[in-house]
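Observations on chain architecture
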Number of protein chains: 2
Amino acid sequence: MQKMNNKNQIFIDKLRSSGLRPTKQRVEISTFLFKRKKTFHFTVEELKNSMNLKRSKKISTATFYNTVHALKSAGYLKEFSLENNTSYYDTNISSHHHFFDNGKVIDIKSDKITFKKLPEAPKGKKIKNVEVVIRLENNN
Amino acid sequence: MQKMNNKNQIFIDKLRSSGLRPTKQRVEISTFLFKRKKTFHFTVEELKNSMNLKRSKKISTATFYNTVHALKSAGYLKEFSLENNTSYYDTNISSHHHFFDNGKVIDIKSDKITFKKLPEAPKGKKIKNVEVVIRLENNN
DNA sequence: ACTTAGTTTAGAACTATTATAAAGTAGATA
DNA sequence: TATCTACTTTATAATAGTTCTAAACTAAGT
Ligand SMILES: [Mn+2]
Ligand SMILES: [Mn+2]
Ligand SMILES: [Zn+2]
Ligand SMILES: [Zn+2]
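This part is about empty space enclosed by the protein. For the structure on display, the rule yields one cavity of 30 Å³ or more. Roughly 320 Å³ of volume is contained in the largest cavity. What lines the largest cavity is a set of 21 residues, and nearest its centre among them are S81(A), F100(A), V133(A), S81(B) and V133(B). Residue assignment for the lining of the largest cavity shows that the elements contributing at least two residues are β2 (78-81), β4 (97-101) and β7 (125-138) of chain A together with β2 (78-81), β4 (97-101) and β7 (125-138) of chain B. Across the lining of the largest cavity, the residue classes break down as nine nonpolar, six polar and six charged.

What follows is the structure, encoded as structure tokens:
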């Protein structure tokens, strides 16, 4: 394979540090996910459809799942669930909260929510993170 | 079908007000779910397995799903998701929060968490509820 | 008791995801 | 650069949770 010009090096590095060889398909996925101004939320199916739309030779479903799982395990993606039995992924890996508005997911920056009171972790356990979901509905 | 003695009337009432006739199967499900000292969390598969274990004539999968969905739509159950693409249901329908501890779900009473600061809803929207998930991990 | 709209059920269908295994490739080595 | 091999991609099958279908059954009104 052709050596990539080094402007995509940071996307390649995410793959390598996720334990993945930077193949053509994976570099495209990593670049698609992380070369953007704003973070976003996606399902694997959405990712596959939007990337494959513009390609003649499609990337396979298994490659999308494998790559997303490895990036998630390495901490470059966060996973969450709505109430529809589908995994969603978030390219914003900082600790933050969400509005859920009929299937639409909107970030809430961490400093927009603060706590007056929080419970202790049960003994033998400690708190990994605290995440808030604010469900929305339409006015009237 | 034999008329139920009226000590199960409140479980029958939940069915009726969910738009369901109180059939033998549904009354057993409703009674199993709501005749207890403590609320609990379950998946439909778990509910089916634990109820059918002690029965000679099994209740069908479709009846479990139908009944749970109707009870949920009527507000007698709340639904939530972990990160495993399965729907969980909660017989505690009051507003409350959860610890998630490796697939185990523990209630946190509403008054154990209070907020110093919360964001406004986006315009045209209002807040339906605010729910906190505290993810746990083992000490050390 | 009769009637019928609603219900139960087995099984098929569907959707998201994971597993399989054959063919292809990255990257190390000669 | 040619060779080698462990890793990767892919088509496809398998699985799991859930929903749909339609025939047999039943609650409950008359
Ligand atoms: Mn997954
Ligand atoms: Mn459901
Ligand atoms: Zn987010
Ligand atoms: Zn709960």
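This part covers the interface of chain A and chain B. Contact residues are listed per partner, giving 40 residues for chain A and 40 residues for chain B. Overall, the association of chain A and chain B removes approximately 3,800 Å² of surface from exposure, summing both partners, and the carbon and sulfur fraction of that is 50%. At the junction of chain A and chain B, the tally comes to three salt bridges. Of the charged contacts in the structure, one is a salt bridge between D101(A) and K125(B), with a shortest N-O distance of 3.1 Å. If you look at where chain A meets chain B, you find 24 residue pairs in polar contact (both at pLDDT 80 or more). Contributions of two or more residues to the side of chain A that touches chain B are made by β2, β4, β6 (114-117) and β7 of chain A. At 14 residues, the largest contribution of residues to the side of chain A that touches chain B is made by β7(A). Of the residues assigned to the side of chain A that touches chain B, the class counts are 16 nonpolar, ten polar and 14 charged. Note: β7(A) against β7(B), 13 bridges, orientation antiparallel.

Let's shift gears to the sheet that holds strand β5 (residues 104-108) of chain B. Taking strand neighbours across the sheet as the criterion, the six strands line up as β5(A)-β4(A)-β7(A)-β7(B)-β4(B)-β5(B) in an open arrangement whose pairing is mixed. Because the sheet does not close on itself, it has two edges, and the strands there are β5 (104-108) of chain A together with β5 of chain B. Each neighbouring strand pair of the sheet contributes to a mean axis angle of 25 degrees, computed without reference to strand direction. Here β4(B) pairs with β5(B) via five bridges, running antiparallel. Note that in β5(B) the partner of F99(B) across the bridge is I106(B).

Turning next to the nonpolar core. The nonpolar side chains of a soluble globular protein tend to be buried with one another. In terms of nonpolar packing, the biggest core is built from 21 residues, with L33(B), F42(B) and L47(B) touching the most fellow members. Ranked by residue count, the leading element in this core is helix α2 (residues 24-34) of chain B, at five residues. With residues near it in sequence (within four places) discarded, F42(B) still touches L33(B), L47(B), V68(B), L77(B), S87(B), Y88(B), Y89(B) and T91(B). The next biggest cluster of nonpolar side chains, apart from the first, holds 20 residues, and it includes I29(A), V68(A), A70(A) and L77(A).

Before going further, it helps to spend a moment on the domain arrangement of chain A. Interface size is commonly expressed as the accessible surface area that is lost when the partners come together. All names here are of chain A. Split by domain assignment, chain A resolves into domain 1 (6-89) and domain 2 (94-135). For domain 1 versus domain 2, the distance between C-alpha centres works out to 25 Å. Contacts between the two partners involve seven residues from domain 1, matched on the other side by ten residues from domain 2. A buried area of about 610 Å², summed over both sides, lies between domain 1 and domain 2, and 52% of it is on carbon and sulfur atoms. Three residues stand out in domain 1 for area buried against domain 2, namely H41, K78 and L82, and they jointly supply 66% of the buried area on that side.

Right, let's get into the environment of V68(B). Checked against the element boundaries, V68(B) lands in helix α4 (residues 61-73). Each C-alpha atom of the pair V68(B) and E79(B) lies 9.8 Å from the other, and the pair is eleven residues apart in sequence.

Not every one of the 22 residues close to DNA strand D is listed here, only the nearest: T23(A), R26(A), R16(B), Y65(B) and H69(B). A share of 86% is what sugar and phosphate atoms reach among the atoms of DNA strand D within 4 Å of the protein. One of the side-chain nitrogen or oxygen atoms of T63(A) is found 3.4 Å away from a phosphate oxygen of DNA strand D. Within the contact set of DNA strand D, a phosphate oxygen lies 2.8 Å away from a side-chain nitrogen or oxygen of R16(B). Elements represented by at least two residues in the surface near DNA strand D include exactly α2 (24-34) and α4 (61-73) of chain A together with α4 of chain B. Sort the elements by how many residues they give to the surface near DNA strand D and α4(B) lands first, with three residues. Across the surface near DNA strand D, the residue classes tally to seven nonpolar, nine polar and six charged.

Below, the discussion takes up the side chain of E79(A). Tracing the backbone shows E79(A) in strand β2. Here K72(A) takes part through its side chain, which lies 2.9 Å from a polar atom of the side chain of E79(A). Only 2.6 Å separates the side chain of E79(A) from the side chain of S87(A), close enough to count as a polar contact. Those residues in contact with E79(A), other than ones at most four positions away along the chain, are K72(A), S87(A), Y88(A), Y89(A) and E83(B).

The rules behind these values
- Residues numbered from 1 in each chain as written.
- Chains lettered and ligands numbered in written order.
- Predicted model: local features only at pLDDT ≥ 70, side-chain atom pairs only at ≥ 80, totals over all residues.
- Heavy atoms only, no water.
- 1 Å grid on protein atoms, 1.4 Å probe; cavity = no way out; pocket = protein on both sides within 12 Å on 5 of 7 lines; lining within 4 Å.
- Points joined across faces, edges and corners; volume = space filled by probe spheres on them.
- Helix = DSSP H or I, 4+ residues; strand = E, 2+ residues; numbered from the N terminus.
- Nonpolar A, V, L, I, M, F, W, Y, C, P; charged D, E, K, R; others polar.
- Contact = heavy atoms within 4.5 Å.
- Buried area = accessible area lost by both parts, 1.4 Å probe.
- Salt bridge = Lys/Arg side-chain N within 4 Å of Asp/Glu carboxyl O.
- Polar contact = N/O pair within 3.5 Å; in protein donor to acceptor, adjacent residues only side chain to side chain.
- Pairing = 2+ DSSP bridges.
- Axes fitted to C-alpha atoms, helices over the stretch in contact; angles between N-to-C directions.
- Core = buried A, V, L, I, M, F, W, Y, C linked by side-chain atoms within 4.5 Å.
- Buried < 20%, exposed > 50% of the residue type's maximum accessible area, 1.4 Å probe, protein only.
- Domains from an automatic or database assignment.
- Near = heavy atom within 4 Å.

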